[in-house]
Amino acid sequence: MTGDAESGAAGAETREELEAKLREAQLLLRAILDHIPITVCRYDRAGVFTFHDGKGLEAVGVKPGQLLGANVLELFANDPATLETNRQALAGKGAYNVYDAYGASWESWHVPVRDGNGEPDGMITLSLDGSAAKRREQELRAKIELIETQQEVIRDLSTPIIEVWDKVLTLPMVGVVDSLRISEAMDNLLSAIVNKDARYAILDLTGVDAVDTQTAGYLIEMIKAIRLLGAEGIITGIRANVAQTMIALGLDLSGVTTVGNLRAGLKLCMRRMAAAGEGVERAAAASAPAK
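This write-up is about the structure you can find in this document. Everything numeric in this text was worked out from a predicted model, so none of it was measured.

What counts, and where the lines are drawn
- Residues numbered from 1 in each chain as written.
- Predicted model: local features only at pLDDT ≥ 70, side-chain atom pairs only at ≥ 80, totals over all residues.
- Heavy atoms only, no water.
- Helix = DSSP H or I, 4+ residues; strand = E, 2+ residues; numbered from the N terminus.
- Buried < 20%, exposed > 50% of the residue type's maximum accessible area, 1.4 Å probe, protein only.
- Contact = heavy atoms within 4.5 Å.
- Areas by Shrake-Rupley, 256 points an atom, 1.4 Å probe, with all protein chains shown as cover.
- Pairing = 2+ DSSP bridges.
- Arc of directions from axis to C-beta.
- 1 Å grid on protein atoms, 1.4 Å probe; cavity = no way out; pocket = protein on both sides within 12 Å on 5 of 7 lines; lining within 4 Å.
- Points joined across faces, edges and corners; volume = space filled by probe spheres on them.
- Nonpolar A, V, L, I, M, F, W, Y, C, P; charged D, E, K, R; others polar.
- Axes fitted to C-alpha atoms, helices over the stretch in contact; angles between N-to-C directions.
- Polar contact = N/O pair within 3.5 Å; in protein donor to acceptor, adjacent residues only side chain to side chain.
- Salt bridge = Lys/Arg side-chain N within 4 Å of Asp/Glu carboxyl O.

**Here's the deal with the overall build of the protein**
Reasoning step 1: Helix and strand counts for the protein stand at nine helices and ten strands.
Reasoning step 2: Here the protein holds 291 residues, and 33% of them are scored as buried.
Reasoning step 3: When contacts within the protein are restricted to residue pairs at least 6 apart in sequence, long-range pairs at least 24 apart make up 54% of them.
Reasoning step 4: For the protein, the exposed surface amounts to about 17300 Å²; the carbon and sulfur share of it is 56%.

**Topic: the pairing of strand β3 (residues 95-101)**
Reasoning step 1: Covered by surrounding structure in β3 are A95, N97, Y99 and A101 only, the residues Y96, V98 and D100 on the alternate face being uncovered.
Reasoning step 2: Between β3 and strand β4 (residues 104-114), which pair antiparallel in sequence order, lie two residues; one of them, Y102, sits at a positive phi of approximately 55°.

**A closer look at the environment of I235**
Reasoning step 1: Residue position: I235 is located in strand β9 (residues 232-236).
Reasoning step 2: Given a relative accessible area of 1%, I235 falls into the buried group.
Reasoning step 3: Ignoring sequence-local partners within four residues, the contact set of I235 consists of L203, L205, I223, V256, T257, T258 and V259.

**Some details on helix α3 (residues 80-90)**
Reasoning step 1: Listed as buried for α3 are T82, L83, T85, N86, A89 and L90. Buried residues along α3 cover an arc of 160° about the axis, so they all sit on one side.
Reasoning step 2: Taken together, the buried residues of α3 touch α2 (72-75), β3, β4 and β5 (120-129).
Reasoning step 3: G92 occupies a position one or two residues after α3 and carries a positive phi of about 105°.

**Overview of empty space enclosed by the protein**
To find the voids left in a structure, one rolls a probe of water-molecule size over its atoms.
Reasoning step 1: Going through the model one piece at a time under the given rule, you end up with one cavity of 30 Å³ or more.
Reasoning step 2: Reported here for the largest cavity is a volume of approximately 250 Å³.
Reasoning step 3: Counting residues per element, the ones that place at least two in the lining of the largest cavity are β1 (38-43), β2 (49-53), α2, α3, β3, β4 and β5.
Reasoning step 4: Here the lining of the largest cavity is composed, by residue class, of 14 nonpolar, eight polar and no charged.

**Some words on the sheet that holds β5**
Reasoning step 1: Strand order in the open sheet formed by five strands is β2-β1-β5-β4-β3, with antiparallel pairing between adjacent strands. The sheet is open, and its two edges are formed by β2 and β3, each paired on a single side. Within this sheet the neighbouring strands show an average axis-to-axis angle of 20°, counted without direction.
Reasoning step 2: With eight bridges joining them, β4 and β5 adopt antiparallel strand pairing. When the sheet's bridge partners are listed, W106 is paired in β5 with D129.
Reasoning step 3: Each of β3, β4 and β5 is contacted by α3, which is oriented at about 135° to β5, the strand it contacts most.

**Quick word on the side chain of N86**
Reasoning step 1: Following the sequence through the fold, N86 ends up in helix α3.
Reasoning step 2: For N86, a relative accessible area of 2% translates into the label buried.
Reasoning step 3: There is a polar contact of 3.1 Å between the side chain of N86 and the side chain of H110.
Reasoning step 4: Not counting residues up to four positions away in its chain, the partners in contact with N86 are V72, L73, F76, H110 and M123.

**A few points about the pattern of salt bridges**
Reasoning step 1: In the structure shown here, the tally under the stated rule is ten salt bridges.
Reasoning step 2: Here K55 ties to E58 by a salt bridge, and the two come within 3.3 Å at their closest N and O atoms.
Reasoning step 3: Taking the relative accessible area as the measure of exposure, K55 reaches 29% and is therefore partly exposed.
Reasoning step 4: In the salt-bridge network here, residues are joined through shared partners; they are R42, R45, D115 and D121.

What follows is the structure, given as structure tokens:
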């Protein structure tokens, strides 16, 4: 008798422990469903809702249990991707899907359920409302696009190509000229020379504070590229520190025309154009003293 009583007491304690664990699990589930924007659903083998709850339903105006008895395959009949995901899960294959429904964006996990024999017995879906995250992503992308556009405008403003005279272009550069800026400037200048049928291209470095090693080499390469297009490149306004950098690199400037400032560069272009009979009247008018 004593042994049976003790055994019964142990069994009662075990049932109490199981009931306590069940209550704890229900408490945890309820906390998740009530406070996290998630929707949890249970479906039978045919895909019919048998459980439908979660705070995520509030955002789309659907009440808990509203879809009980409905068939998920029919609800998503016009969404081939989501329909296939549900079919796979009902057949026993877990799946993950991101889709839009009821005016919201959902991130959904499809978990197959099996019976005691290991056969498919419906599925459970856990769907997280990702609308807020998607909006933040879209806003971030819009900001990034705006920043890229602004940077492009700034680059264009910092390296503007100006047609200062008929067939004469100038590229005034300001600040610290790095390899990226000089590479973009080269592409833009060469395109402008072709489009404008330019005869001269003046690279004005008056506002350049410093150049790196690679940039100094780019300047020489730019002059060579200008010549290949049948035009002449002239460098103006080289500062002392920039000149020292070029000399220290051992760059050959013997074939590069350089003058002290932009004004001198323009006069040089006009003289050469006048000597070649190009734009004589305009060049003469510009160089004539004011009355």
